[in-house]
Amino acid sequence: MSMNNTPNNTDLHDLGVAELAARLAQREVSSVEVAQHFLKRIQQHEALGAFLAVDADVSLAQAKAADARLAAGERTPLLGVPLAHKDVFVTRDFPTTAGSRMLENYRSPFDATVVARLGVNPGGAGMVTLGKLNCDEFAMGSGNDNSAYKPVHNPWDVSRIPGGSSGGSAAAVAARLVPAATGTDTGGSIRQPASLTGITGIKPTYGRCSRYGMVAFASSLDQAGPMARSALDCALLLSSMAAPDPDRDSTSLDLPALDYASDLIAASAHKQGATPLKGLRIGLPKQFFGAGCSADVLQTVRAALADYEKLGATLVDVDLPLTELSIPVYYVIAPAEASSNLSRFDGVRYGHRAAHYSDLNDMYRKSRSEGFGDEAKRRIMIGAYVLSHGYYDAYYLKAQKIRRLIAQDFQKAFTQCNVIAGPVSPTVAWKIGEKSNDPVASYLADIYTLSSSLAGLPGMSVPAGFGEGGMPVGLQLIGNYFKEAQLLGAAHQYQLATDWHLRKPAGSQGVSV
Ligand code: GLN
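Residues numbered from 1 in each chain as written. Predicted model: local features only at pLDDT ≥ 70, side-chain atom pairs only at ≥ 80, totals over all residues. Heavy atoms only, no water.

A. Broad picture of the state of the cysteines. Summed over all chains, the structure comprises zero disulfides. Between C135, a cysteine without a disulfide, and C209, which holds the nearest cysteine sulfur, the sulfur-to-sulfur distance is 17 Å. With no disulfide of its own, C417 lies closest to C293 among cysteine sulfurs, the gap being 19 Å. For C417, a relative accessible area of 5% translates into the label buried. (Disulfide = S-S within 2.5 Å. Buried < 20%, exposed > 50% of the residue type's maximum accessible area, 1.4 Å probe, protein only.)

This is how it looks when you write it as structure tokens:
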């Protein structure tokens, strides 16, 4: 059979993960051809800034390995489909920088668990890695403007940020440079960029995916998750990503891998006028619908909720009274953990070392001054301060206590509803540079994602329409612990009834920056 006479090879990039997997399984197209197609697009859209590392030889060798498995008759759901990884997942075959000069040219001797579970190595799902995706330095940021290398541009309007910190992942999926990507979410970094670029992303329950091989930011919050165009595609990836890893991450949950996608596929027979979400109670926290949210975002989210009612869901009011405190609480706890995690970058064991220094202390000081960017330094200082003797009780301990109360409020809310909904971000994507000189302004934009992160709950962003400037708006769905399947199901039914997730930026045909 010739693989070269494939019809529609030119629009392979418009296919999602499930569709590409089906074509690969039918042997209508080879994994090498798919990889070549996307590599070319990545090159054509380099100006978006989404990728930090690409290596065609490595990717094509992986694609050949996938083709060999396909030729041998293997049919697994992701085999041969390409993806790219946020540059905080360590990879043997590509450099890993975490968006920082500190790790420039760093190569890990091993793959992160999530990378290995998805990859073409024996035992992996067989996905082909097309490269590493730009992100805010050590995943600290909301606009991908903290990357030490280059900013990422939003494919819907290249003068705007794509969100952060998984901005490269979001821009690459939205611009169809790759059908899916990994992201990490510590305080919103999967959901917020997904929302601002019109794609689907899910942050699972804390501990659902192994953190082994993720460059650590705030360990009690960090969580990996998939970003793709649809809930079904996210479900396909999550089924391979989420599994216990007891020997390598003691906080990984003792919950077996689940086939999240099968239920969605079984439910795909959606009929017009049917009410597949009958029985689903959606809680709307009044704190998520207040004056802090811009009118265009509120209107879009409310329209999406009206569609959920048509699908059979019931809307109920719930109360999350400590929502506002999630900002100070997060911005005490996350920097505290970051200051500890980043202490390993000392110029001795990892990454950058200053070229000239007088003694050991001078070497530490110069290496860290040169290697870290402004935001990382800011967080190290805040973290060291709130953990210091005399301030620990007033800030860190107090924040931990409020964190517990925030988690308890969610449990109270979940006695009235199954899922909580609201906006992801109070505005659409802002202009590049707009908040660069005002870190607090970008901290405040995290208001709707931080509380569920502090509670360790799963959350997702589902494309729900467009706001100011024709920019995408996401609907946030937050579930109770381990309820990823319920979230994905609620998103999938909405996506069967709407087409927001299928819209694509005009610029994706040829983005110029
Ligand atoms: N924007 C938040 C921060 O800067 C969240 C980042 C994240 O989830 N990695 O910390």
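Following the structure, the description resumes.
B. Representation of the confidence of the model for the protein within the structure. Predicted confidence across the protein gives a mean pLDDT of 95, with 96% of residues reaching 70 or more. Low confidence marks residues 1-7, where pLDDT is under 50. Its contacts with residues over four positions away, or in another chain, come to ten contacts. (pLDDT = per-residue confidence, 0-100. Contact = heavy atoms within 4.5 Å.)

C. Quick peek at the pairing of strand 7 (residues 281-285). Strand 7 sits mainly inside the fold: four of its five residues count as buried. Relative to strand 8 (residues 314-318), strand 7 is paired through five bridges, and the arrangement is parallel. Of the residues in strand 8, the one forming a bridge with G283 is V316. As a crossover connection, the stretch from strand 7 through helix 9 (residues 295-310) into strand 8 is right-handed. Strand direction decides the pairing type here: strand 7 and strand 9 (residues 419-423), joined by two bridges, are parallel. Within strand 9, the residue paired with I282 across the bridge is V419. (Helix = DSSP H or I, 4+ residues; strand = E, 2+ residues; numbered from the N terminus. Pairing = 2+ DSSP bridges. Right-handed = clockwise from strand over helix to strand, strands pointing away.)

D. Here's a closer look at the packing of helix 10 (residues 326-341) against helix 13 (residues 392-413). Following both chains from N to C, one finds helix 10 and helix 13 inclined at 125 degrees, their axes separated by 9 Å at the closest point. On the basis of their axis angle, the class for helix 10 and helix 13 is oblique. Considering how the two elements wind past one another, helix 10 and helix 13 form a crossing that is left-handed. Every residue of helix 13 that contacts helix 10 at S326, V329, V332, I333, A336 and E337 is listed here: Y395, Y396, A399, Q400, I402, R403 and I406. For the contact of helix 10 with helix 13, the class distribution of residues is nine nonpolar, two polar and two charged. (Axes fitted to C-alpha atoms, helices over the stretch in contact; angles between N-to-C directions. Parallel < 35°, antiparallel > 145°, perpendicular 65-115°, else oblique. Left-handed = near helix turned anticlockwise from the far one by under 90°. Nonpolar A, V, L, I, M, F, W, Y, C, P; charged D, E, K, R; others polar.)

E. Region of interest: the site of the ligand. Near the ligand, the surroundings consist of 15 residues, among which A139, T186, G187, S189 and Y330 are the closest. At 2.9 Å, a backbone N or O of G141 approaches an oxygen atom of the ligand. G188 places a main-chain nitrogen or oxygen 3.3 Å from an oxygen atom of the ligand. Burial of the ligand by the surrounding chains reaches 99%, relative to a free accessible area of 290 Å². One can see that the ligand is located within the largest cavity. Among the residues making up the shell around the ligand, the classes are represented as five nonpolar, seven polar and three charged. (Near = heavy atom within 4 Å. Polar contact = N/O pair within 3.5 Å; in protein donor to acceptor, adjacent residues only side chain to side chain. Areas by Shrake-Rupley, 256 points an atom, 1.4 Å probe, with all protein chains shown as cover. 1 Å grid on protein atoms, 1.4 Å probe; cavity = no way out; pocket = protein on both sides within 12 Å on 5 of 7 lines; lining within 4 Å. Sits in = over half its atoms within 2 Å of the grid points.)

F. Focus on unusual backbone geometry. Geometrically, the link from G164 to S165 is a cis peptide bond, its omega value of 5 degrees lying close to zero. By secondary structure assignment, the location of S165 is in the loop between strand 3 (128-133) and helix 5 (167-174). Even without glycine at this site, N105 takes up a positive phi of about 65 degrees. A positive phi angle, close to 50 degrees, is found at F138, a residue other than glycine.

G. Fine view of the side chain of K203. With respect to the helices and strands, the residue K203 is situated in strand 5 (residues 200-203). Buried and without a salt bridge, K203 has D185 as its closest oppositely charged side chain, separated by 5.5 Å. Engagement of the side chain of K203 in a polar contact is seen with the backbone oxygen of L457, the distance being 3.2 Å. Not counting chain neighbours up to four residues away, the residues in contact with K203 comprise D185, I190, R191, Q223, S453, G456, L457, P458 and G459. (Lys, Arg positive; Asp, Glu negative; His and termini not counted. Salt bridge = Lys/Arg side-chain N within 4 Å of Asp/Glu carboxyl O.)

H. Focus on the pattern of salt bridges. Within this structure, the stated rule accounts for 21 salt bridges. A salt bridge links E468 to R160, with the nearest nitrogen and oxygen atoms 3.3 Å apart. Of this pair, E468 sits in the loop between strand 10 (459-466) and strand 11 (472-479) while R160 sits in the loop between strand 3 and helix 5, and the two are 308 residues apart along the sequence. For R160, a relative accessible area of 7% puts it in the buried group. Residues participating in the shared-partner salt-bridge network are D157, R160, K431 and E468.

I. Quick look at the environment of D346. As for its placement among the helices and strands, D346 is situated in the loop between helix 10 and helix 11 (360-371). According to the relative accessible area criterion, D346 is buried, its value standing at 10%. Distance from D346 to M363, taken between C-alpha atoms, is 8.3 Å for residues 17 residues apart in sequence. Not counting residues up to four positions away in its chain, the partners in contact with D346 are M363 and Y364. Within polar-contact distance, the side chain of D346 engages the backbone nitrogen of V348 at 2.9 Å.

J. Representation of the side chain of S147. Inspection of the secondary structure assignment puts S147 in the loop between strand 3 and helix 5. Within the local environment of S147, its side chain forms a polar contact with the side chain of N134, the two groups lying 2.8 Å apart. Here the side chain of S147 touches Y149 through a polar contact of 3.1 Å, landing on its backbone nitrogen. Excluding anything up to four places from it in sequence, S147 contacts G99, N134, C135, D136 and E137.

K. A look at the nonpolar core. If you look at the biggest cluster of nonpolar residues, it comprises 152 residues, and the most contacted ones within it are F138, L477 and L488. Those residues in contact with L488, other than ones at most four positions away along the chain, are I202, A231, C234, A235, L238, Y260, L264 and M460. (Core = buried A, V, L, I, M, F, W, Y, C linked by side-chain atoms within 4.5 Å.)

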